[in-house]
Amino acid sequence: MAHAPEPDLASGDPGDERPRWDNKAQYLLSCIGFAVGLGNIWRFPYLCQTYGGGAFLIPYVIALIFEGIPLFHVELAIGQRLRKGSIGVWTAVSPYLSGLGLGCVMLSSLVSLYYNTILAWVLWYFLNSFQHPLPWSSCPPDLNRTGFVEECQGSSAVSYFWYRQTLNITADINDSGSIQWRLLICLAACWAVVYMCVIRGVETTGKAIYFTASFPYLVLTIFLIRGLTLPGATKGLSYLFTPNMQILQNPRVWLDAATQIFFSLSLAFGGHIAFASYNSPRNDCRKDAVVIALVNSMTSLYASIAVFSILGFKATNSYERCLDRNILSLINEFDFPEQSISRDDYPAVLVHLTATQPRRVARLPLKACHLEDFLDKTASGPGLAFIVFTEAVLHMPGAPGWAVLFFGMLFTLGLSSMFGNMEAIITPLLDNGVLPRWVPKEALTGLVCLACFLCATCFTLQSGNYWLEIFDNFAAPLNLLIFAFLEVVGVVYVYGMKRFCDDIAWMTGRRPGPYWRLTWRVVSPLLLLTIFVAYVTLLARKPLSYRAWNPQYELFPSRQEKLYPGWVRAACVLLSLLPVLWVPMAALAQLLTRWKRTWRDRDVRPDTNTR
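Not measured: the values here are computed from a predicted model.

Looking now at the nonpolar core. With 176 residues, the main nonpolar core has W191 and M422 as its most contacted residues. Tallying contributions element by element places helix α6 (residues 98–128) first for this core, with 17 residues. Within the second largest apolar cluster, 16 residues are counted, among which are A315, C322, F334 and I341.

As structure tokens, this is what we get:
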């Protein structure tokens, strides 16, 4: 067995003082909870359905093998070996890389701001699910109570509840609007819950994670069993997984597969480094990396089956209602007996009437009813959770109960991801002694949560949803790609491949094989560089625009495409650069400090040439 002496780098803090996980299950569940988040529910199924069903799994698996697992192993190994948070780890690797740790802290802070706002929305829907009928099941009456609200009638009850009664959204990002107090209260409650769960670090998150990481799997299983018994479920699953191999010729498929793996595993945030730093130094981090990555991917597949079984039911229900409306129009126009036209007979009857009485048929408000069109009406992100899925729940018997389960699942999924985000912030701050040692950890955690809550109040404005989309699109993607590239390059070429392999041998008892060394040294850096170039190219070609909810828009309820004003575009650029700027700034500061020390030593050193 190869043996490497334990490096002095790990001795920054006495090992006995650093908290540890109570058991291996707490650590694994925490990493799984951090990796498995909302994206597994509302992003992966959408990509799988959009890009050829089963064909999408090919680039997804390739990206998992050559990008996801190797990078994940690097983070777990370096965090466990050096037993520090992100700032301490990258400063120990090289003082010139200290900005990488600072950037990770900044990035995790920015992501936490909007991620917990999504949980505030989920909490609002969760609380509104305890009533029958559900508040998004019908349009509210107008002021005169002689009809329904015009905006709701022009869209749908589900969309109206989301855009007007929840967000109360403005029609333009320039119009900030006022704070929505119900969302602010929900946001405060979410940050209070997060604080109570992370108040003492792994000592408290390790307890909470048993519930927050396991409950979503229980709910997904319940939804899967129920979904498979609903009419149309098999049609949804068939539509999801029917492979279209031609789609693999589209480079966008490969780009989205690679980025999905990257973001799904929560790489380069610093949370996994923080979690691994509380491990025993002799833990088998290689096995952990493979197991957690596979569990994350299998969860995405499992969630896809559950989600699309329900969406297949929704599409079938909408398709049948479309047919029923058309059949009713034919019966009324041609005075047919009631129930004389079945859904199966409708196409043949329509063809016959169109051929014999085309003018009368042309006057009818008949809709084109195709099941595939309704299956295509899926969405990703909040649109899936707060519009598409909530509408599907309405058609299920016992709708309030299913809504409570669904939003309870989303809340626990997001909460366990927040644990990782907060550890990525708090652990480095504790390691670097931001506050005096006599200040309790609970106080630092409270200050961080309070600061995040105050900053996140901007998302509770009426324009908050537009800004949340900006944060989601610009704060993380480019920064994560750069950070991951610097991480693997820093470990392999700065820390040293031999030294890193010796450390892994000391921790696990086995040296990394050719697969690991090749992916770390060549494949993963090149893949990340390719993804970065492709992503920037795609971003440069796409105009910076957003889709506004505007009841005055002539194509309403379609959302109006608008270009961002100049000051918002500047904010997008700043948001993209803010975390990564810490890297060159810290390196420059380190270089200046070194030069100053060199010049000071040169001035102090006596001149040996003088007599």
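Next comes the rest of the account.
Taken together, I58, V61, I62, I65, F66, M245, W254 and Y515 make up a surface patch of nonpolar side chains, about 630 Å² in accessible area. The dominant element in the nonpolar patch, judged by the number of residues it contributes, is helix α4 (residues 57–82), at 5 residues. Here F66 shows up in helix α4. In this structure F66 comes out as partly exposed when scored by relative accessible area, which is 33%.

Let us look at the packing of aromatic side chains. Taken as a whole, this structure holds 40 aromatic pairs when the rule is applied. Where Y125 meets W162, the ring centres are 6.1 Å apart and the plane angle is 55°; that geometry is what we call tilted. Here W162 lies in helix α8 (residues 157–166) and Y125 lies in helix α6, a separation of 37 residues in the sequence. A relative accessible area of 0% means that Y125 is categorised as buried. Centre to centre, the rings of F262 and F263 are 5.5 Å apart; their planes meet at 80°, and the pair counts as edge-to-face.

Cis geometry marks the peptide bond from H132 to P133; its omega dihedral reads 0°. On the secondary structure map, P133 appears in the loop between α6 and α7 (150–154). Of note in this structure, A268 is not a glycine but carries a positive phi near 70°. Structurally, the position occupied by A268 is in the loop between α12 (251–264) and α13 (271–276). One non-glycine residue, D335, lies in positive phi territory at about 55°.

Applying the stated criterion across every chain yields a total of 2 disulfides. Between C139 and C152 runs a disulfide, and the two sulfur atoms are separated by 2.0 Å. Taking the sign of the S-S torsion, -85° for the link of C139 and C152, the bridge is left-handed. Residue C139 is located in the loop between α6 and α7, and its partner C152 is located in helix α7; the two are separated by 13 residues in the primary sequence. For C152, a relative accessible area of 1% puts it in the buried group. Disulfide pairing places C322 opposite C369 at an S-S distance of 1.9 Å. Across the S-S bond linking C322 and C369, the dihedral sits near -75°, which makes this disulfide left-handed. Taken together, the positions of C322 in helix α14 (residues 285–334) and C369 in the loop between α16 (358–363) and α17 (371–376) put the pair 47 residues apart, joining distant regions of the chain.

So, about the layout of surface pockets. Approximately 580 Å³ is the volume attributed to the second largest pocket. Contributing elements (two or more residues each) for the lining of the second largest pocket: α19 (399–431) and α20 (441–456). Residue composition of the lining of the second largest pocket, grouped by class: 11 nonpolar, 1 polar and 9 charged.

Turning to the environment of D344, a few remarks are in order. Relative to the assigned elements, D344 resides in the loop between α14 and α15 (346–356). The sequence separation of D344 and L323 amounts to 21 residues, and the corresponding C-alpha distance is 9.6 Å.

Here the focus is the pattern of salt bridges. Inspection of every chain in the model, using the stated rule, returns 17 salt bridges. Taking the shortest distance from any N to any O, the salt bridge between D502 and K498 comes out at 3.1 Å. In this pair, D502 and K498 are both assigned in helix α22 (residues 477–508), 4 residues apart and thus about one turn of the helix distant. Accessibility expressed as a relative area gives 17% for D502, which makes it buried.

Looking now at the confidence of the model for the protein chain. Scored by pLDDT, the protein chain has a mean of 89; 95% of the residues are at 70 or more. Note on residues 7–16: pLDDT is under 50 here. Beyond four places in sequence and across chains, it has 16 contacts.

You can see H395 is positioned in the loop between α18 (382–394) and α19. As for H395 and S318, which are separated by 77 residues in sequence, their C-alpha atoms are 9.8 Å apart. With sequence-adjacent residues up to four places away left out, H395 is seen in contact with F313, N317 and R321.

The N-to-C vectors of helix α9 (residues 181–198) and helix α10 (residues 202–228) enclose an angle of 110°; their axes lie 6 Å apart at closest approach. What the angle tells us is that α9 and α10 run roughly perpendicular. Mapping the contact onto sequence places M196, C197 and V198 in α9 and T204, T205 and A208 in α10. Across the contact of α9 with α10, the residue classes tally to 4 nonpolar, 2 polar and no charged.

By the element assignment, T316 lies in helix α14. For T316, a relative accessible area of 4% translates into the label buried. If we ignore the near neighbours within four places in the chain, the residues touching T316 are P231, G232, K235 and L371.

With that out of the way, let us pick up a positive patch on the surface. A contiguous patch of positive charge, built from R594, K596, R597 and R600, is present on the exposed surface. Relative to the assigned elements, R597 resides in helix α25 (residues 582–604).

One turn of an α-helix holds 3.6 residues; hence residues three or four places apart share an orientation. Given a rise of 1.5 Å per residue, 28 residues ought to cover 40 Å, and the 39 Å separating the end C-alpha atoms of helix α23 (residues 514–541) matches this to within 8%. In α23, a bend of some 50° at W520 exceeds every other bend along the element. Turning to α23, its buried residues are W516, T519, W520, S524, P525, L528, I531 and Y535. Where the residues of α23 are buried, they touch α4, α12, α14, α21 (464–474) and α22.

This chain's UniProt record puts "binding site: Na(+)" (unreviewed entry) on G33, A35, V36, N40, S264, N296, L413 and S417. In three dimensions, the annotated residues from a span of 385 residues occupy one location, with a maximal C-alpha spread of 12.6 Å. Locating N40 in the fold gives a position in helix α2 (residues 38–42). For N40, a relative accessible area of 2% corresponds to the buried category. Setting aside its immediate chain neighbours within four residues, N40 contacts A35, P45, S264, N296, S300 and A303. At 3.0 Å, the side chain of N40 forms a polar contact with the backbone nitrogen of G37. With respect to the element layout, S417 can be found in helix α19. Take S417: its relative accessible area is 4%, and that puts it in the buried class. Other than its neighbours up to four places away in sequence, S417 contacts G33, F34, V36, G37 and Y115. A distance of 3.3 Å separates a polar atom in the side chain of S417 from the backbone oxygen of G33.

Basis of the calculations
- Residues numbered from 1 in each chain as written.
- Predicted model: local features only at pLDDT ≥ 70, side-chain atom pairs only at ≥ 80, totals over all residues.
- Heavy atoms only, no water.
- Core = buried A, V, L, I, M, F, W, Y, C linked by side-chain atoms within 4.5 Å.
- Buried < 20%, exposed > 50% of the residue type's maximum accessible area, 1.4 Å probe, protein only.
- Helix = DSSP H or I, 4+ residues; strand = E, 2+ residues; numbered from the N terminus.
- Patch = residues over 30% accessible without salt bridge, like charges linked within 9 Å, V, L, I, M, F, W, Y side chains within 5 Å.
- Areas by Shrake-Rupley, 256 points an atom, 1.4 Å probe, with all protein chains shown as cover.
- Salt bridge = Lys/Arg side-chain N within 4 Å of Asp/Glu carboxyl O.
- Phe/Tyr/Trp six-rings, centres within 6.5 Å; stacked < 30°, edge-to-face > 60°.
- Disulfide = S-S within 2.5 Å.
- 1 Å grid on protein atoms, 1.4 Å probe; cavity = no way out; pocket = protein on both sides within 12 Å on 5 of 7 lines; lining within 4 Å.
- Points joined across faces, edges and corners; volume = space filled by probe spheres on them.
- Nonpolar A, V, L, I, M, F, W, Y, C, P; charged D, E, K, R; others polar.
- pLDDT = per-residue confidence, 0-100.
- Contact = heavy atoms within 4.5 Å.
- Axes fitted to C-alpha atoms, helices over the stretch in contact; angles between N-to-C directions.
- Parallel < 35°, antiparallel > 145°, perpendicular 65-115°, else oblique.
- Lys, Arg positive; Asp, Glu negative; His and termini not counted.
- Charge placed at Lys NZ, Arg CZ, Asp CG, Glu CD.
- Expected span 1.5 Å × (residues − 1).
- Bend = angle between axes of the 7 residues up to and from the residue.
- UniProt positions renumbered as here; feature names shortened; annotations may be inferred.
- Polar contact = N/O pair within 3.5 Å; in protein donor to acceptor, adjacent residues only side chain to side chain.

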